[in-house]
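# Overview (structure and organization)
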Amino acid sequence: MTELNEFLASESNAAIASIFKAIEQASFIVSKEVSYQGLGADILGAQGSENSTGDQQQKLDVFADHVFERALRNCGSVAGWASEEADEFVAFEGCENAEYVIAIDPLDGSSNIDVNVSIGTIFGIYKRLSPTGTTVQLQDFLQPGRNQVAAGYVLYSVSTQMVLSTGNGLHIFTLEPYKKQFHRVADHVKVPADGKCYSINEVNFDDFAPALKDFVQYCRDKKQENGKRKYTGRYIGSLCADFHRNLIKGGIYIYPATGEAPNGKLRLVYEGNPMTYLMAQAGGYGTDGVQDILEIVPTQLHQKCPLYIGSPVMMNEAMKQA
Ligand code: P6P
(Lines give C-alpha, C1' and ligand atoms only; values in the text may rest on other atoms or scores of the structure.)
Protein backbone atom coordinates (compact mmCIF):
# COMPACT_ATOMS: atom_id res chain seq x y z
CA MET A 1 0.00 0.00 0.00
CA THR A 2 1.48 3.35 -1.02
CA GLU A 3 0.61 6.57 0.78
CA LEU A 4 -1.57 7.54 -2.18
CA ASN A 5 -3.38 4.22 -1.89
CA GLU A 6 -3.95 4.61 1.84
CA PHE A 7 -5.26 8.14 1.34
CA LEU A 8 -7.64 7.07 -1.43
CA ALA A 9 -8.81 3.96 0.37
CA SER A 10 -9.88 6.27 3.23
CA GLU A 11 -11.25 8.99 0.89
CA SER A 12 -13.02 6.74 -1.57
CA ASN A 13 -13.16 2.97 -2.12
CA ALA A 14 -10.81 0.11 -2.98
CA ALA A 15 -11.65 0.19 -6.70
CA ILE A 16 -10.90 3.92 -7.04
CA ALA A 17 -7.73 3.42 -4.97
CA SER A 18 -6.63 0.65 -7.39
CA ILE A 19 -7.25 2.93 -10.38
CA PHE A 20 -5.08 5.66 -8.86
CA LYS A 21 -2.44 3.06 -8.04
CA ALA A 22 -2.33 2.15 -11.74
CA ILE A 23 -2.07 5.85 -12.62
CA GLU A 24 0.70 6.23 -10.01
CA GLN A 25 2.68 3.37 -11.58
CA ALA A 26 2.18 4.58 -15.15
CA SER A 27 3.03 8.20 -14.34
CA PHE A 28 6.26 7.08 -12.65
CA ILE A 29 7.31 5.37 -15.92
CA VAL A 30 6.38 8.41 -18.03
CA SER A 31 8.07 10.78 -15.56
CA LYS A 32 11.29 8.76 -15.65
CA GLU A 33 11.41 8.72 -19.45
CA VAL A 34 10.52 12.42 -19.70
CA SER A 35 13.21 13.36 -17.17
CA TYR A 36 15.80 11.38 -19.15
CA GLN A 37 15.06 13.73 -22.12
CA GLY A 38 16.04 11.32 -24.86
CA LEU A 39 18.56 9.22 -22.93
CA GLY A 40 15.99 6.48 -22.32
CA ALA A 41 13.12 5.35 -24.55
CA ASP A 42 12.85 6.88 -28.02
CA ILE A 43 10.23 9.50 -27.10
CA LEU A 44 11.46 12.68 -28.79
CA GLY A 45 9.98 14.12 -31.95
CA ALA A 46 7.02 13.27 -34.12
CA GLN A 47 5.62 9.78 -34.46
CA GLY A 48 4.82 10.42 -38.10
CA SER A 49 1.10 9.69 -37.59
CA GLU A 50 -2.04 11.57 -36.61
CA ASN A 51 -4.37 10.84 -33.70
CA SER A 52 -8.13 10.44 -33.90
CA THR A 53 -8.73 14.09 -34.53
CA GLY A 54 -5.92 14.92 -36.86
CA ASP A 55 -3.33 16.14 -34.33
CA GLN A 56 0.26 15.22 -35.23
CA GLN A 57 1.21 12.53 -32.72
CA GLN A 58 4.50 12.90 -30.90
CA LYS A 59 6.39 9.73 -29.97
CA LEU A 60 5.70 10.54 -26.32
CA ASP A 61 1.95 10.64 -26.99
CA VAL A 62 2.08 7.04 -28.23
CA PHE A 63 4.47 5.94 -25.47
CA ALA A 64 2.30 7.43 -22.70
CA ASP A 65 -0.87 6.03 -24.27
CA HIS A 66 0.57 2.50 -24.20
CA VAL A 67 1.94 2.84 -20.65
CA PHE A 68 -1.33 4.14 -19.16
CA GLU A 69 -3.50 1.68 -21.11
CA ARG A 70 -1.44 -1.29 -19.92
CA ALA A 71 -1.58 -0.15 -16.28
CA LEU A 72 -5.32 0.58 -16.34
CA ARG A 73 -6.19 -2.66 -18.12
CA ASN A 74 -4.29 -4.62 -15.49
CA CYS A 75 -5.77 -2.90 -12.43
CA GLY A 76 -9.09 -4.75 -12.92
CA SER A 77 -11.26 -1.81 -11.80
CA VAL A 78 -11.67 -0.16 -15.22
CA ALA A 79 -14.12 -1.66 -17.74
CA GLY A 80 -12.89 0.49 -20.61
CA TRP A 81 -11.27 3.79 -21.55
CA ALA A 82 -11.49 6.66 -24.00
CA SER A 83 -8.14 8.11 -24.96
CA GLU A 84 -7.31 11.17 -27.04
CA GLU A 85 -5.00 8.89 -29.02
CA ALA A 86 -7.71 6.45 -30.19
CA ASP A 87 -10.66 7.06 -32.52
CA GLU A 88 -13.07 4.96 -30.46
CA PHE A 89 -13.37 3.97 -26.80
CA VAL A 90 -11.77 0.63 -25.90
CA ALA A 91 -13.53 -2.08 -23.87
CA PHE A 92 -11.05 -3.88 -21.60
CA GLU A 93 -11.66 -7.59 -22.23
CA GLY A 94 -12.04 -9.54 -19.03
CA CYS A 95 -12.96 -6.39 -17.08
CA GLU A 96 -16.70 -6.47 -17.86
CA ASN A 97 -17.49 -6.64 -14.12
CA ALA A 98 -15.57 -3.42 -13.38
CA GLU A 99 -17.73 -0.47 -12.32
CA TYR A 100 -15.69 2.44 -13.72
CA VAL A 101 -14.55 3.90 -17.01
CA ILE A 102 -11.82 6.49 -17.57
CA ALA A 103 -11.42 9.29 -20.11
CA ILE A 104 -7.82 10.38 -20.57
CA ASP A 105 -5.39 12.58 -22.43
CA PRO A 106 -2.28 10.46 -21.81
CA LEU A 107 0.09 13.29 -22.68
CA ASP A 108 -1.11 16.87 -23.10
CA GLY A 109 1.37 19.35 -24.53
CA SER A 110 3.73 16.67 -25.84
CA SER A 111 5.16 19.01 -28.48
CA ASN A 112 6.79 20.78 -25.52
CA ILE A 113 8.89 17.78 -24.54
CA ASP A 114 11.52 18.49 -27.20
CA VAL A 115 12.12 21.89 -25.58
CA ASN A 116 12.00 20.61 -21.99
CA VAL A 117 8.79 22.43 -21.02
CA SER A 118 6.27 21.00 -18.52
CA ILE A 119 3.68 18.55 -19.86
CA GLY A 120 0.84 16.58 -18.31
CA THR A 121 -1.55 13.65 -18.18
CA ILE A 122 -5.24 14.51 -17.63
CA PHE A 123 -7.99 12.02 -16.66
CA GLY A 124 -11.57 11.79 -15.45
CA ILE A 125 -13.19 8.73 -13.86
CA TYR A 126 -16.91 7.90 -14.23
CA LYS A 127 -19.14 5.17 -12.86
CA ARG A 128 -20.37 3.27 -15.92
CA LEU A 129 -24.04 3.64 -16.91
CA SER A 130 -24.21 0.27 -18.69
CA PRO A 131 -24.78 -2.79 -16.46
CA THR A 132 -21.72 -4.45 -14.96
CA GLY A 133 -21.03 -7.84 -16.51
CA THR A 134 -21.52 -6.37 -19.99
CA THR A 135 -19.19 -4.66 -22.45
CA VAL A 136 -18.97 -0.90 -21.99
CA GLN A 137 -20.91 1.30 -24.40
CA LEU A 138 -20.32 4.74 -25.90
CA GLN A 139 -22.92 6.16 -23.47
CA ASP A 140 -20.55 5.34 -20.60
CA PHE A 141 -18.13 7.93 -21.96
CA LEU A 142 -20.62 10.61 -23.05
CA GLN A 143 -21.63 11.59 -19.52
CA PRO A 144 -21.72 15.21 -18.36
CA GLY A 145 -18.68 16.23 -16.30
CA ARG A 146 -20.83 16.54 -13.15
CA ASN A 147 -21.02 12.71 -13.19
CA GLN A 148 -17.29 12.29 -12.60
CA VAL A 149 -16.50 10.43 -9.38
CA ALA A 150 -12.83 11.45 -9.50
CA ALA A 151 -10.37 13.31 -11.70
CA GLY A 152 -6.77 14.37 -11.75
CA TYR A 153 -3.74 15.43 -13.68
CA VAL A 154 -0.07 14.54 -13.45
CA LEU A 155 2.27 17.48 -14.10
CA TYR A 156 5.72 16.43 -15.32
CA SER A 157 7.73 19.53 -14.39
CA VAL A 158 10.52 20.60 -12.04
CA SER A 159 8.98 17.91 -9.90
CA THR A 160 6.29 15.46 -10.92
CA GLN A 161 3.05 16.13 -9.07
CA MET A 162 -0.39 14.55 -9.12
CA VAL A 163 -3.36 16.81 -8.42
CA LEU A 164 -6.54 14.86 -7.71
CA SER A 165 -9.98 14.83 -6.20
CA THR A 166 -12.50 12.10 -5.41
CA GLY A 167 -15.15 14.71 -4.59
CA ASN A 168 -13.91 15.63 -1.13
CA GLY A 169 -11.56 18.52 -1.90
CA LEU A 170 -8.50 18.89 -4.11
CA HIS A 171 -5.20 17.39 -2.98
CA ILE A 172 -1.62 17.57 -4.27
CA PHE A 173 0.94 14.77 -4.20
CA THR A 174 4.62 14.91 -5.18
CA LEU A 175 6.45 11.95 -6.71
CA GLU A 176 9.40 10.67 -4.70
CA PRO A 177 11.25 9.05 -7.63
CA TYR A 178 13.50 6.73 -5.64
CA LYS A 179 10.58 5.16 -3.79
CA LYS A 180 8.41 5.42 -6.94
CA GLN A 181 5.60 6.78 -4.76
CA PHE A 182 3.58 9.98 -4.50
CA HIS A 183 3.46 11.74 -1.11
CA ARG A 184 0.74 14.20 -0.11
CA VAL A 185 2.12 17.75 0.13
CA ALA A 186 -1.13 19.73 0.30
CA ASP A 187 -4.79 18.92 0.91
CA HIS A 188 -8.11 20.70 0.51
CA VAL A 189 -6.35 23.27 -1.66
CA LYS A 190 -8.43 26.33 -2.57
CA VAL A 191 -7.79 28.54 -5.60
CA PRO A 192 -7.28 32.22 -4.61
CA ALA A 193 -10.53 34.14 -5.28
CA ASP A 194 -8.63 36.59 -7.46
CA GLY A 195 -5.31 36.32 -9.23
CA LYS A 196 -2.64 38.19 -11.11
CA CYS A 197 -2.35 36.10 -14.28
CA TYR A 198 -4.43 35.68 -17.36
CA SER A 199 -3.36 32.80 -19.63
CA ILE A 200 -4.44 33.07 -23.25
CA ASN A 201 -2.71 32.90 -26.63
CA GLU A 202 -3.00 36.57 -27.60
CA VAL A 203 -1.76 35.92 -31.13
CA ASN A 204 -5.42 35.11 -31.84
CA PHE A 205 -6.65 38.43 -30.34
CA ASP A 206 -8.02 39.78 -33.64
CA ASP A 207 -10.06 36.57 -33.98
CA PHE A 208 -11.59 36.76 -30.47
CA ALA A 209 -15.26 37.59 -29.90
CA PRO A 210 -15.79 41.25 -28.91
CA ALA A 211 -16.60 40.32 -25.31
CA LEU A 212 -13.32 38.42 -24.96
CA LYS A 213 -11.41 41.30 -26.50
CA ASP A 214 -13.01 43.53 -23.85
CA PHE A 215 -11.93 41.14 -21.07
CA VAL A 216 -8.34 40.94 -22.34
CA GLN A 217 -8.22 44.74 -22.62
CA TYR A 218 -9.65 44.94 -19.07
CA CYS A 219 -6.77 42.75 -17.85
CA ARG A 220 -4.24 44.86 -19.76
CA ASP A 221 -5.61 48.14 -18.34
CA LYS A 222 -6.61 47.25 -14.75
CA LYS A 223 -4.51 49.08 -12.15
CA GLN A 224 -3.96 48.47 -8.44
CA GLU A 225 -4.45 51.27 -5.91
CA ASN A 226 -0.71 52.03 -6.16
CA GLY A 227 -1.14 52.66 -9.86
CA LYS A 228 0.76 49.55 -10.94
CA ARG A 229 -0.94 47.15 -13.35
CA LYS A 230 -2.92 44.43 -11.56
CA TYR A 231 -2.63 41.58 -14.08
CA THR A 232 0.14 40.06 -16.16
CA GLY A 233 0.06 37.54 -19.00
CA ARG A 234 1.48 34.06 -18.50
CA TYR A 235 0.98 31.43 -21.21
CA ILE A 236 3.15 28.31 -21.17
CA GLY A 237 1.31 26.50 -23.96
CA SER A 238 0.73 23.49 -21.71
CA LEU A 239 -2.72 23.34 -20.09
CA CYS A 240 -1.61 21.45 -16.97
CA ALA A 241 1.21 23.92 -16.29
CA ASP A 242 -0.92 27.04 -16.81
CA PHE A 243 -3.80 25.52 -14.83
CA HIS A 244 -1.49 24.53 -11.96
CA ARG A 245 0.09 27.98 -11.64
CA ASN A 246 -3.34 29.60 -11.66
CA LEU A 247 -4.62 27.05 -9.11
CA ILE A 248 -1.82 27.90 -6.68
CA LYS A 249 -1.41 31.66 -7.31
CA GLY A 250 -4.85 32.57 -8.68
CA GLY A 251 -5.58 33.35 -12.32
CA ILE A 252 -7.63 32.46 -15.37
CA TYR A 253 -6.87 30.23 -18.35
CA ILE A 254 -8.81 30.73 -21.56
CA TYR A 255 -8.77 28.70 -24.75
CA PRO A 256 -11.67 30.39 -26.53
CA ALA A 257 -13.74 29.91 -29.60
CA THR A 258 -12.27 31.85 -32.51
CA GLY A 259 -13.40 32.39 -36.08
CA GLU A 260 -10.88 29.77 -37.19
CA ALA A 261 -11.77 27.34 -34.37
CA PRO A 262 -15.43 27.96 -33.45
CA ASN A 263 -15.31 25.31 -30.71
CA GLY A 264 -11.81 26.10 -29.52
CA LYS A 265 -9.10 23.43 -29.41
CA LEU A 266 -9.46 21.54 -26.14
CA ARG A 267 -11.57 18.38 -25.81
CA LEU A 268 -14.58 18.37 -23.51
CA VAL A 269 -14.55 14.73 -22.33
CA TYR A 270 -10.91 14.29 -21.27
CA GLU A 271 -9.65 17.85 -20.83
CA GLY A 272 -12.48 20.28 -20.09
CA ASN A 273 -14.41 17.94 -17.78
CA PRO A 274 -11.54 16.74 -15.53
CA MET A 275 -9.98 20.19 -15.21
CA THR A 276 -13.31 21.86 -14.45
CA TYR A 277 -14.19 19.16 -11.88
CA LEU A 278 -10.86 19.84 -10.15
CA MET A 279 -11.24 23.63 -10.29
CA ALA A 280 -14.74 23.34 -8.81
CA GLN A 281 -13.34 21.25 -5.95
CA ALA A 282 -10.87 24.11 -5.32
CA GLY A 283 -13.59 26.77 -5.25
CA GLY A 284 -13.24 28.06 -8.81
CA TYR A 285 -15.24 27.18 -11.90
CA GLY A 286 -15.04 26.57 -15.63
CA THR A 287 -17.29 27.45 -18.53
CA ASP A 288 -17.33 27.25 -22.30
CA GLY A 289 -17.76 31.02 -22.29
CA VAL A 290 -21.47 30.65 -21.58
CA GLN A 291 -22.39 27.60 -19.50
CA ASP A 292 -20.80 25.47 -16.78
CA ILE A 293 -18.60 22.89 -18.52
CA LEU A 294 -19.82 20.20 -16.10
CA GLU A 295 -23.42 20.59 -17.34
CA ILE A 296 -22.64 19.97 -21.02
CA VAL A 297 -23.85 16.54 -22.21
CA PRO A 298 -21.26 15.35 -24.76
CA THR A 299 -22.50 14.06 -28.10
CA GLN A 300 -19.15 12.98 -29.50
CA LEU A 301 -16.13 11.42 -27.79
CA HIS A 302 -13.61 13.97 -29.13
CA GLN A 303 -15.80 17.04 -29.31
CA LYS A 304 -14.05 20.31 -28.64
CA CYS A 305 -15.16 23.01 -26.25
CA PRO A 306 -13.97 26.53 -25.49
CA LEU A 307 -12.57 26.65 -21.94
CA TYR A 308 -12.55 29.53 -19.45
CA ILE A 309 -11.34 28.29 -16.05
CA GLY A 310 -9.89 29.68 -12.84
CA SER A 311 -10.35 32.09 -9.93
CA PRO A 312 -13.98 33.12 -9.35
CA VAL A 313 -13.32 36.89 -9.34
CA MET A 314 -11.57 36.75 -12.72
CA MET A 315 -14.09 34.27 -14.10
CA ASN A 316 -16.98 36.49 -13.02
CA GLU A 317 -15.36 39.44 -14.82
CA ALA A 318 -14.77 37.39 -17.96
CA MET A 319 -18.34 36.04 -17.92
CA LYS A 320 -19.74 39.54 -17.24
CA GLN A 321 -18.19 40.66 -20.49
CA ALA A 322 -19.52 37.60 -22.34
P1 P6P B 1 -1.93 26.91 -28.81
C2 P6P B 1 -1.34 21.65 -25.94
O3 P6P B 1 -1.32 21.27 -27.31
C4 P6P B 1 -2.74 22.24 -25.68
O5 P6P B 1 -3.70 21.26 -25.88
C6 P6P B 1 -2.81 22.81 -24.27
O7 P6P B 1 -2.09 22.08 -23.35
C8 P6P B 1 -2.28 24.22 -24.46
O9 P6P B 1 -2.77 25.14 -23.48
C10 P6P B 1 -2.81 24.58 -25.86
O11 P6P B 1 -2.95 23.34 -26.56
C12 P6P B 1 -1.83 25.43 -26.63
O13 P6P B 1 -2.43 25.68 -27.90
O14 P6P B 1 -2.88 26.90 -29.99
O15 P6P B 1 -2.07 28.16 -27.97
O16 P6P B 1 -0.51 26.60 -29.16
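The rules behind the values
- Residues numbered from 1 in each chain as written.
- Predicted model: local features only at pLDDT ≥ 70, side-chain atom pairs only at ≥ 80, totals over all residues.
- Heavy atoms only, no water.
- Near = heavy atom within 4 Å.
- Polar contact = N/O pair within 3.5 Å; in protein donor to acceptor, adjacent residues only side chain to side chain.
- Areas by Shrake-Rupley, 256 points an atom, 1.4 Å probe, with all protein chains shown as cover.
- Helix = DSSP H or I, 4+ residues; strand = E, 2+ residues; numbered from the N terminus.
- Contact = heavy atoms within 4.5 Å.
- Domains from an automatic or database assignment.
- Buried area = accessible area lost by both parts, 1.4 Å probe.
- Salt bridge = Lys/Arg side-chain N within 4 Å of Asp/Glu carboxyl O.

## A closer look at the site of the ligand
Around the ligand, a shell composed of Asp108, Gly109, Asn201, Tyr235, Gly237, Ser238, Leu239, Tyr253, Tyr255, Lys265 and Leu266 is seen. Take Tyr253: an N or O atom from its side chain is 2.7 Å from an oxygen atom of the ligand. In the model, an oxygen atom of the ligand is placed 3.0 Å from a nitrogen or oxygen of the Lys265 side chain. Relative to its unbound accessible surface of 400 Å², the ligand loses 79% to contact with the protein.

## Remarks on the side chain of Ser165
If you trace the backbone, Ser165 turns up in strand S8 (residues 160-165). Among the polar contacts made by the side chain of Ser165, one reaches the main-chain carbonyl oxygen of Gly169 at a distance of 2.8 Å. In this structure, Ser165 is in contact with Val149, Ala150, Ala151, Leu170, Tyr277, Leu278 and Gln281, ignoring residues within four places of it in sequence.

## Structural notes on the domain arrangement of the protein chain
According to the domain assignment, the protein chain consists of domain 1 (4-186) and domain 2 (197-321). Here the C-alpha centre of domain 2 lies 23 Å away from the C-alpha centre of domain 1. Taken together, the contacts link 49 residues of domain 1 with 30 residues of domain 2. With both sides pooled, the region where domain 1 packs onto domain 2 buries about 2800 Å², and carbon together with sulfur makes up 63% of that total. Put simply, domain 1 and domain 2 have two salt bridges between them.

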